[in-house]
Amino acid sequence: RRRPRRRPRPRRAAIVSLTGVIYEGSDTSARVAGATVTVGPRSTTASADGVYTLTGLPTGAVTITASKSGYTTATVDRVLATGVDNWGSVSLTRA
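Report follows, based on the coordinates. In this text, all values refer to a predicted model and were calculated from it rather than measured experimentally.

## Topic: the sheet that holds strand β3 (residues 36-39)
Within a sheet, each strand pairs with its neighbour through backbone hydrogen bonds, oriented either parallel or antiparallel. Spatial strand order, β4-β3-β6-β8: 4 strands in an open sheet with antiparallel pairing. Single-partner strands in this sheet number two, and they are β4 (42-45) and β8 (74-80). Recorded for the sheet is a direction-independent mean angle of 20° between the axes of neighbouring strands. Two elements, β3 and β4, share 4 bridges in a ladder whose sense is antiparallel. Paired with Val39 across the bridge in β4 is Arg42.

Thresholds applied
Residues numbered from 1 in each chain as written. Predicted model: local features only at pLDDT ≥ 70, side-chain atom pairs only at ≥ 80, totals over all residues. Heavy atoms only, no water. Pairing = 2+ DSSP bridges. Helix = DSSP H or I, 4+ residues; strand = E, 2+ residues; numbered from the N terminus. Axes fitted to C-alpha atoms, helices over the stretch in contact; angles between N-to-C directions.

Okay, structure coming up:
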């Protein structure tokens, strides 16, 4: 008798975190508090020191969008991976 073949289970995408800083212009110390940061359907608000963290993101290519009233919306592309610190800082320019 032949044993029935088992179907391979689909692999789950790895889940990672993304951290970054929202800053003004080219001065990374000029932090922008309260900016909205969006990756796909997930979003969060940057803290008083301009830092944000998004958790539960799948690995792979993402576009990070940062926006705040009075600034031009900006995007940055990153590839999220396991086993590394995923960092995605974004520079905003006053509108």
